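Report on the structure
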Amino acid sequence: MNWLNVDIASLRAAYGNGSIHPTEIVRMFIAKPVQPAYLPIWIGQFNDAQLLARASALEAIASISGIEKLPLYGVLVAVKDNIDVKGLPTTAACPAFSYMPQESATAIQLLEEAGAIIIGKTNLDQFATGLVGLRSPFGEVPNAFDQRYISGGSSSGSAVALALGQVHLAIGTDTAGSGRVPAVLNNLVGLKPSRGLISATGVVPACRTLDCVSIFSRTVADANLALSVMTMRNDDSIARRPKWKVPDRQGAFRLAIPRASDLRFFGDQQAEQAFADALKILVSLGATIQEIDFSIFYETAGLLYDGPYVAERLEAASALLRDRPQTIHPVVATVIGKGHTFTAADVFTAQYKISLLRKRAAKLLSDFDALVVPTIPTHYTRAEVNADPIALNSRLGTYTNAVNLLDLCALSVPTGFRPDKMPTGITLIAPALHDVILAKFGQQIQDFLKLPLGATGQAYPAASTPIQLKTTTLQVAVVGAHLSGMPLNYQLTERNAKLLSTTTTAALYRLYHLKDTVPPKPGLMRMPENGAAIQVEVWEMPISHFGSFVSLIPSPLGIGTILLADGSSVKSFICEPYAIDGARDITEYGSWKNYINSTKTASIS
C-alpha cells in the first residue's frame, strides 16, 4: 500500500490501528523518485534528518496522549513559497527577494500544532502573478497528467506535488484563481475560503485586500478538515469570526449557472461538453438549476488586471522592479508594471464600483445556494501559453477572477476526464462564510463520481467522512426599541436577523421606562415574587454579527438570559438594578409597544 497516495481519513485510520507510523511515511517520501521533468515542483525542502526528527517527535507525543487531539497527525504538507515556514527561505519565486522568516505564517503554525509534517516550499508563478505555472526562474511545473500541458498557477508546485502523491495536503494562495485553476488541471479539490477566515500573517502579498490562503486536497472532506484547523486562530485586522455560517434552507440544492450566451470556452468543444455533462450530474443528485445573467462577473473581473487593483501588486515587488528589474520575470514585470499607470483617484473610483457590484451580486445570488461555473474555460499546452503568455493567462481566469473582488467563497471539484485524458471540473461559488454548504454539496459530487485521487491512481475512499452543516446562529429576544417598527429595529435587520416569533416571557419579570434614554427604552427586570409576562419578539441572528450588535448596547442595559412562557431560555436585553431608581413601572401594559401607544393616545387627547 502506498500511504502517500491516500486521503487523510484513510491515513488516520492506518495510524490509529498501527498499520503505519509517521516515520515510515517520511521514509516513503524520501525514497520516492521524482521524474526529472517534475523537479521544479520544489524550491526548498527540509532535509531527511529534520523530517525524520519531526516524525519521531510526533510518535513520542502519540505514545503518551494518542492522536485524537492531532487531526493532522503525520500528514505530509507542501507549502507554496510565498508563505513563511520557519527554517526555510521565502522567495516568492524570486531569488533576489529571498528572506529567512523568524516565524512560520500563522496558518502553518496551526497545521503543525495539529500534527502536520511540513515537507518544504513549492514553486509558483513569481509573486503569485499568473495562472499558468510557467513564470518562475526555478523552472516550469508541468501538468501531473501530461507534461506538455500547463499545471496552472500560481500555486503550481503545491498542486502537482499533491497530485503526484508526494504529500497528503498542499497549501497555496488565491487572489484571482491561483487555488482553483491548478486544482482542476490536476484532478484535485481546490478550496478558496472566504477572505479573512485563514490568517494571512506571514504571506507575501499579491493583492493584500484580496489574497486568501487556499487549500489543495484530494477530497472535499480533507479540505474541510484543513480549513477547520487553519481557522482556529486569526491575528489579522480583516479577520472574520465565526468561521462560517449556513443558510436556512430545506430540500434540494438550488444552483445558478451562467446563461448559455454568457458561457465562454474559446472554441474548446471538449470543455463545453464537459460542463454540460457536469450539469447533468448535478441534476441527477437532485439539484435545481436556473440560468442567470453572468455579465456582472465579467464586469467585476475586468477591474482586477485591467483596472487599478493591479497597482496593489506593486507592494511586494516595487523596489526590485525599480532598482533591479532584471531580477523580475519579464511577463510578471509587464503585468505588475501596469500598476504605475493608475492614479489614487482611479483606485477610489474602482472601490466605489466594487461596492456597488457586490450588492448587485448578492441580490443576484440571494435565491440560490451556489453559483456553478466551469473552473476554467479551456486547456492550454505550455508551448501555447509561452507563445502568448498574457492573453491566454487572462482567459484561464474567465470564471475565477471576480470571486475575491465580490467577497465570495469558492470550491473547485473534479468532475471527470475529457476525451483527451485531461481532467475537468466545476467550481461552486457562494456568499462569504458559506464555505461549509459548498463542502456539503461538493462532497456529494465526489461521493457520486468516485474519481481516482489526483494523478496517483488511488481509488476514491469507500466511505467518506460526512460533512455536517454547522449551526452558527443564535436567538435574541428584544423587548423595547428593537421591536418591529421601533427606531432601533434596523440594528437587527442590517445584521441579517430574522423575526421568528412574538411571544411572552414567563411570569417572572417587570418592565420599566428608563429615565433619560434616547430613543426611549425600557428595562426588563426579573422579579419572581411579583413578576408578570411581558411581550417580546424573538429574532434569529448570525453569530458573526452578534458581537457588533452587543457593542451598540448602552449602559444600564446588557445581554443576559431570560425564560420564555414555553419554558425555553433565550438571550435578551436585561437591565442593571440601579437603573430602576426613578424609572416608571409599566408592567401593567404588558409590552413596550402598548405603553408607547398609550402615551401617544394621551398626548392626542
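Quick look at the structure, then. Please read all numbers here as calculations on a predicted model, not as lab measurements.

Some details on the packing of aromatic side chains
All chains considered together, the criterion is met by 14 aromatic pairs. Judged by centre distance (5.2 Å) and plane angle (80°), the ring pair of Phe 97 and Phe 127 falls under edge-to-face. In this pair, Phe 97 is assigned in the loop between β2 (76-80) and α4 (106-113) and Phe 127 in the loop between β3 (117-122) and α5 (156-163), connecting sequence segments 30 residues apart. Lying over the aromatic face of Tyr 298, Arg 264 brings its terminal NZ or CZ to 3.6 Å of the ring centre.

Overview of the nonpolar core
Of all hydrophobic cores here, the largest spans 95 residues; its most connected members are Leu 111 and Ile 215. If near-sequence neighbours (up to four positions away) are discounted, Leu 111 is found in contact with Leu 72, Val 77, Ala 116, Leu 169, Ile 171, Val 229 and Met 230. Counting 36 residues, the second-largest nonpolar core is a separate cluster that includes Phe 546, Val 570, Ile 586 and Tyr 595.

Side note on the sheet that holds strand β5 (residues 189-192)
Taken together, the 11 strands give an open sheet; going across it, the order is β1-β3-β2-β4-β6-β5-β10-β11-β9-β7-β8, and neighbouring strands pair in mixed fashion. Strands at the two margins of the open sheet, each flanked by one partner only, are β1 (42-45) and β8 (288-292). On average, each strand axis in the sheet is tilted by 25° relative to the strand beside it, whichever way the strands run. The pairing of β5 with strand β10 (residues 408-417) spans three bridges and is classified as antiparallel. Following the sheet pairing, Gly 190 is matched in β10 by Ser 412. Here helix α16 (residues 435-449) sits on the sheet in contact with β5, β7 (254-258), β9 (370-374), β10 and β11 (423-431), set at roughly 5° to β10.

Notes on unusual backbone geometry
The amide bond that connects Val 518 to the next residue, Pro 519, takes the cis arrangement and shows omega of -10°. With respect to the helices, strands and loops of the structure, Pro 519 is situated in the loop between β14 (509-513) and β15 (522-526). Residue Pro 556 is bonded to the preceding Ser 555 through a cis peptide linkage, with omega at 15°. Considering the arrangement of structural elements, one finds Pro 556 in the loop between α18 (543-550) and β17 (557-563). Not every positive phi belongs to a glycine, and Lys 421 is a case in point at roughly 75°. Here Lys 421 lies in the loop between β10 and β11. A positive phi angle, near 75°, is found at Leu 433, a position not held by glycine. On the basis of relative accessible area, Leu 433 is assigned to the buried category, the value being 8%.

What counts, and at which threshold
- Residues numbered from 1 in each chain as written.
- Predicted model: local features only at pLDDT ≥ 70, side-chain atom pairs only at ≥ 80, totals over all residues.
- Heavy atoms only, no water.
- Phe/Tyr/Trp six-rings, centres within 6.5 Å; stacked < 30°, edge-to-face > 60°.
- Helix = DSSP H or I, 4+ residues; strand = E, 2+ residues; numbered from the N terminus.
- Lys NZ or Arg CZ within 6 Å of the ring centre and 35° of its normal.
- Core = buried A, V, L, I, M, F, W, Y, C linked by side-chain atoms within 4.5 Å.
- Buried < 20%, exposed > 50% of the residue type's maximum accessible area, 1.4 Å probe, protein only.
- Contact = heavy atoms within 4.5 Å.
- Pairing = 2+ DSSP bridges.
- Axes fitted to C-alpha atoms, helices over the stretch in contact; angles between N-to-C directions.

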